[in-house]
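Residue-level listing of the chains:
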Amino acid sequence: MLWVKSFHIVFVASWFAGLFYLPRIFVNLAMVPPESVAERERLLLMANKLFRFMTLLALPALGLGLWLWLGYGDMIALGGWLHAKLVVVLLLIGYHHACWVMLRRFRAGLNRRHHVWYRWFNEAPVVMLVVAVILVVLKPF
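Residues numbered from 1 in each chain as written. Predicted model: local features only at pLDDT ≥ 70, side-chain atom pairs only at ≥ 80, totals over all residues. Heavy atoms only, no water.

## Topic: the overall build of the protein
Here's step 1: Looking only at helices and strands, the protein has 6 helices and 0 strands in total.
Here's step 2: Secondary structure elements in the protein, listed N-terminal to C-terminal, are α-α-α-α-α-α.
Here's step 3: The principal-axis extents of the C-alpha atoms in the protein amount to approximately 60 × 25 × 20 Å.
Here's step 4: The burial tally for the protein puts 34% of its 141 residues in the buried class.
Here's step 5: Counting only contacts in the protein whose residues sit at least 6 apart along the sequence, the fraction spanning at least 24 positions is 79%. (Helix = DSSP H or I, 4+ residues; strand = E, 2+ residues; numbered from the N terminus. Buried < 20%, exposed > 50% of the residue type's maximum accessible area, 1.4 Å probe, protein only. Contact = heavy atoms within 4.5 Å.)

## Description of a nonpolar patch on the surface
Here's step 1: A grouping of Val126, Val130, Val133, Ile134, Val136, Val137 and Leu138 is seen on the molecular surface, where their side chains present a nonpolar patch of about 570 Å² in accessible area.
Here's step 2: Position of Val130 relative to the elements: it lies in helix α6 (residues 124–138). (Patch = residues over 30% accessible without salt bridge, like charges linked within 9 Å, V, L, I, M, F, W, Y side chains within 5 Å. Areas by Shrake-Rupley, 256 points an atom, 1.4 Å probe, with all protein chains shown as cover. Salt bridge = Lys/Arg side-chain N within 4 Å of Asp/Glu carboxyl O.)

## Regarding the environment of His96
Here's step 1: Structurally, the position occupied by His96 is in helix α4 (residues 81–107).
Here's step 2: Other than its neighbours up to four places away in sequence, His96 contacts Trp15, Leu19, Phe51, Met54, Thr55 and Ala58.

## Section: the nonpolar core
Soluble globular proteins tend to bury their nonpolar side chains together.
Here's step 1: Trp15, Leu22 and Phe26 are the most contacted members of the largest nonpolar core, which totals 33 residues.
Here's step 2: Breaking this core down by element, the ones donating at least two residues are α1 (2–31), α2 (37–71), α4, α5 (115–121) and α6.
Here's step 3: When residues no more than four places from it in sequence are discounted, the contact partners of Trp15 are Met54, Leu57, Ala58, Ala61, Leu62, Leu92, Ile93 and His96. (Core = buried A, V, L, I, M, F, W, Y, C linked by side-chain atoms within 4.5 Å.)

## Some details on the pattern of salt bridges
Here's step 1: Under the defined criterion, the tally for this structure stands at 1 salt bridge.
Here's step 2: The residue Arg40 makes a salt bridge to Glu41 at a minimum N-O spacing of 3.2 Å.
Here's step 3: Using a relative accessible area of 24% as the deciding quantity, one classes Arg40 as partly exposed.

## Overview of the packing of aromatic side chains
Here's step 1: Within this structure, the stated rule accounts for 9 aromatic pairs.
Here's step 2: Where Phe26 meets Tyr118, the ring centres are 5.8 Å apart and the plane angle is 65 degrees; that geometry is what we call edge-to-face. One end of the pair, Phe26, is in helix α1; the other, Tyr118, is in helix α5, with 92 residues separating them in the sequence. A single burial state applies to Phe26 and to Tyr118, both of which are buried.
Here's step 3: Geometry around Trp100 places Arg104 over its ring, the cationic atom sitting 4.5 Å from the centre. (Phe/Tyr/Trp six-rings, centres within 6.5 Å; stacked < 30°, edge-to-face > 60°. Lys NZ or Arg CZ within 6 Å of the ring centre and 35° of its normal.)

## Notes on a positive patch on the surface
Here's step 1: Among the surface-exposed residues, Lys49, Arg52, Arg104 and Arg107 lie close enough to one another that they form a single positively charged patch.
Here's step 2: Mapped by element, the contributors of at least two residues to the positive patch are α2 and α4.
Here's step 3: Assignment of secondary structure puts Lys49 in helix α2.
Here's step 4: For Lys49, a relative accessible area of 48% puts it in the partly exposed group. (Lys, Arg positive; Asp, Glu negative; His and termini not counted. Charge placed at Lys NZ, Arg CZ, Asp CG, Glu CD.)

## Here we look at the packing of α1 against α4
When two helices pack together, you describe them by how their axes are tilted relative to each other and by the distance separating the axes.
Here's step 1: The N-to-C vectors of α1 and α4 enclose an angle of 35 degrees; their axes lie 11 Å apart at closest approach. Between α1 and α4 lies a crossing of left-handed hand. Between α1, through His8, Trp15, Phe16, Leu19, Leu22, Pro23, Phe26, Leu29 and Ala30, and α4, the contact on the second element is made entirely by Lys85, Leu92, Ile93, Tyr95, His96, Cys99, Met102, Leu103 and Phe106.
Here's step 2: Here the residues of the contact of α1 with α4 are counted per class, giving 15 nonpolar, 2 polar and 1 charged. (Axes fitted to C-alpha atoms, helices over the stretch in contact; angles between N-to-C directions. Left-handed = near helix turned anticlockwise from the far one by under 90°. Nonpolar A, V, L, I, M, F, W, Y, C, P; charged D, E, K, R; others polar.)

Listed below in structure tokens is the structure:
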């Protein structure tokens, strides 16, 4: 199980790198002037490639996490920390999906949000990472 846990951590860290960086690309996309077509296309290309790559990293992270979760056995005896962490995982999957929806809107030229909104949106995975690490390491409840 230590091998599974090790690879889970590696894939989660890699997935988070994408979750941290893609919204930064959104910030830049939201700041592109309408006449700057080449800049917009370059940023969209970067965002599309990053989204595909981070999705490929998320799949083994989630699969290995599922393997670990099923390996715990009696989850009631573990306490509520694991259930809370699973809620954080669901929120991360929702955040990943929201990034996909936003990327589609940028591709279609339908973005109506300001770059400041994306700067705040970019902070959500930081908070979720902190909460998940505290839950796993400290097991507070």
